[in-house]
Amino acid sequence: MYPLVKFEFKHYACSRDELSGRNFILSNLFVLPFNLNNKPKMPQQKRSITVPDSKLINSTSFTKTKIEAPQERDPRALPRVSSPINYYLPSSITFGAKVPTSPVLKKLPKIARKTLKEEDPRDLPGVPFDIASFIIGVANERGFSVGDALRLYINPQQHTPKVIPEASKSVKIGNCKVTSLIDGQQIFDAYTSAIKWADDFALSSMFEFQNVKIDGHKWPTNGAEIVPGSKQQQKILGLLVSKKRENNEFKAQQMLDVHKWYINGHGEKERHYNNQDMVRYMKTNDIDVVPAPRSNQGGSHLDHIKVLIVGRKDGSKKAIVSGMNWGTHSAANHDVGFMMESLPKQKNSEIDNLIDMFNTNRSFAWERLGSTEIIKGPLSEEEQKLYTGLDKEIKQENVDYMEIVGKLFDNPEDKNRYADGRLDLIPCNPVSNPKIKVLRTSPREMAKVGSKGEETIRQEIMHNLKTSKDYVGLNFVFTDKEAVDTIIHRWQKPKDNPGHMDTLLIVESGILKDFPYCRKSYNRLKRAGVPIIVFNSDKEVTQRMHAKLNIFDKTRIVTGSFNMSAMGLNHNLNKGIRSDYDLYSERIFKEIKEHLTDAKEHEKLVGLPYLVEKEFNYDELKARKALIGKAFENVTKKGHASVVIDGKTYRFNQDQDSTLSTIHGYYTIAQDRFNAREKYKRGNNELGISFESPTLAKVMLKQIAKDFKHSESKYEKLKNKIFPMRPSTDGVEKIKSSIEKFSGLEDKSKKKPGDGKFD
């Protein structure tokens, strides 16, 4: 006799024939679940009950007990089920039966896809032959492991991802062991285990940190409560607070973004400052938290970093760098990260470089807190007298923030903390030539604490985009103009040209849907034939593909908190037009020439010299536009006009007013395009890491291959085959084939080797 696997259910029913004279076993639960409204009143203290033939029994709320499978149903172990899967049986009932004693032995089907050894596969006892055979058959048919098939069909109170994440893999890089993390369960398991492991310090910087008990009224889980990792996410706050309460010497240091939001998680308009409730809770519970400086304080547009660094008194350290926020809904998102662990017998590691970055950011935050206003604008009628115009308005969200957060920090002890040198910074010894590079996007105002503004994330990304032979990206946002132009420029070169770069991009669909201005870059890439698709997010849990993952030449990984956008890659390190957007500026000047060429035919009609035939000069274009605009105005009002260009007078009459208007329009477009060149502007505070690892790159490429297969619709396949976006799709098929081959997911059943297609 075999005990039944633990199993959770609400209401189940079965026929009289199924119940009468035999036990209610796993097979009945498995194939005959019904949701019934009428619950029978059964005495809960009874452990068994005999069922008459004439009655239909609903098994609902009964006392916990084991249910055994009759031997004639050939109970046997279901092999290779991953142990992390938990099934529960809070309510069950046993029916009296006479059990035959002669078992019928049969052979189970062969399992096609085995559970990974890293997931500790084990046998599942008490499963009858027909159910075990059914599950193995379903698993083989759909390409799942047995464990994943059970997740789908037994319906535990846990959501099954539409794309199963690749198992974590660890390798040695520099002075660290680095482990890949994909999606909520892996990432939040790592976060919580790292905090539990620490006994000296926990440093964290987060764009979002939420907990349903603190700010659930603003940010509900929106379905994420059934997602693996969600429960661990909710435990983070309690772990940090309890660590501090148990040991007052434990350093729990937190930085949180506090930029202004205009909506809440219910989709309602609600102006408030990000994380304000969490900042208050942490401050009043002895967590050493500081609000990140906002742009009006000389900080960044968003403090967008997501990092945890922890340490023990013996000197060992761990760090997790990810795109995953600590929001109540974050676990539902498709995201990636990496955990770094310092190796034993090493004086320092690349984690020290992360600590150095955190210390600099923390110093800057406390310096800005003491040197700038916590809130910009009046908070009372008395203060209104000091302001004029639109700045005179008292904004409710400012009043709320000052009441919730501002007053906690508006005191000499906190305001003078940087000046007095009371920051309790964690000592560190950064590696001089790290194998894991720490990258930044940060403001020039960092000079106030002896550092500097950086755009090293952008420099690393652009260097690899210009030099790599292939590039695969899984990105929440992809809108940076120079990055887009660089990809198109290299992709459109012949595939046998050394300058050609194979490319495959997956982006988040919700961004394109909700923010129309983000569609331009996507459409440009699509029209150019670059393989780019949108991720098929799981609507059941309002999932978003939130990763920021870039893989170059199947070996180099560049990832972190940054999106591939102007805000994520750029900051206001200089003023005016950027000089490093070579391809984008080149495209702008090409468009200007096209518009001035269109203006040439109209200039000819009124005898004007052609601007397009001169070396482009913006000041000359601006002056010419002003002259023609004035001439059009005079012709309209007086019937005639004249202008002087290069010492020569040109006269116009009323019959030429439409031509002048057209010329003025082309000049306006050309001027607008010139001014559309990328400028220096304030971006986000971001963190990135870059390292080489063929092993970890392979793990991520396997994941991207699965994401691509999951997301490519039948329409996309048909369109790419019948209506190619460019004369030849060889490049598209090449990158698909290379990713398939590299990730180990190539189709072994292809009739012809190298035909380059995958479904």
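Let us look at the structure shown here.

What counts and how
- Residues numbered from 1 in each chain as written.
- Predicted model: local features only at pLDDT ≥ 70, side-chain atom pairs only at ≥ 80, totals over all residues.
- Heavy atoms only, no water.
- Pairing = 2+ DSSP bridges.
- Helix = DSSP H or I, 4+ residues; strand = E, 2+ residues; numbered from the N terminus.
- Axes fitted to C-alpha atoms, helices over the stretch in contact; angles between N-to-C directions.
- Buried < 20%, exposed > 50% of the residue type's maximum accessible area, 1.4 Å probe, protein only.
- Phe/Tyr/Trp six-rings, centres within 6.5 Å; stacked < 30°, edge-to-face > 60°.
- Salt bridge = Lys/Arg side-chain N within 4 Å of Asp/Glu carboxyl O.

## Details of the sheet that holds strand β15 (residues 317–322)
The strand order across the open sheet formed by eight strands is β7-β8-β16-β15-β14-β9-β10-β13, and the pairing between neighbours is mixed. At either end of the open sheet lies a strand with only one pairing partner, and these are β7 (170–173) and β13 (288–291). Taken over all neighbouring pairs, the strand axes of this sheet differ in orientation by 15° on average, direction set aside.

## Here we look at the pairing of strand β10 (residues 251–256)
In terms of burial, β10 is a largely internal element, five of the six residues being buried. The sheet contact formed by strand β9 (residues 201–206) and β10 spans six bridges and is parallel. Following the sheet pairing, Ser-205 is matched in β10 by Met-255. Here four bridges tie β10 to β13, and the two strands are oriented parallel to one another. Paired with Met-255 across the bridge in β13 is Val-290.

## As for the packing of aromatic side chains
Given two aromatic rings, their pairing is described by the distance between the two centres and the angle made by the two planes. One pass over the full model with this rule turns up 15 aromatic pairs. Relative to Trp-261, the ring of Trp-219 lies with its centre 5.8 Å away and its plane at 65°, an arrangement referred to as edge-to-face. With Trp-219 in the loop between α6 (212–215) and α7 (230–246) and Trp-261 in strand β11 (residues 260–263), this pair connects stretches of sequence that are 42 residues apart. The class for Trp-261 is partly exposed, based on a relative accessible area of 21%. When the ring of Phe-338 is compared with that of Phe-691, the centres are 5.2 Å apart and the planes differ by 85°; the resulting orientation is edge-to-face. Linking Phe-338 in strand β16 (residues 336–342) with Phe-691 in strand β26 (residues 686–692), this pair joins segments that are 353 residues apart in sequence. Accessibility assignment for this pair places Phe-338 and Phe-691 in one class, buried.

## Remarks on the pattern of salt bridges
In the structure shown here, the tally under the stated rule is 39 salt bridges. Here Lys-162 and Asp-538 are joined by a salt bridge, their closest N and O atoms 3.4 Å apart. Taken as a pair, Lys-162 in the loop between α4 (146–154) and β7 and Asp-538 in the loop between β21 (532–535) and β22 (548–552) lie far apart in primary sequence, 376 residues in all. For Asp-538, a relative accessible area of 6% puts it in the buried group. The partner of Asp-480 in a salt bridge is Arg-458, and the shortest N-O contact between them spans 3.4 Å. Of this pair, Asp-480 sits in the loop between β19 (470–475) and α14 (481–491) while Arg-458 sits in helix α13 (residues 456–467), and the two are 22 residues apart along the sequence.

Read these as layout, nothing more, since geometry by itself doesn't imply function.
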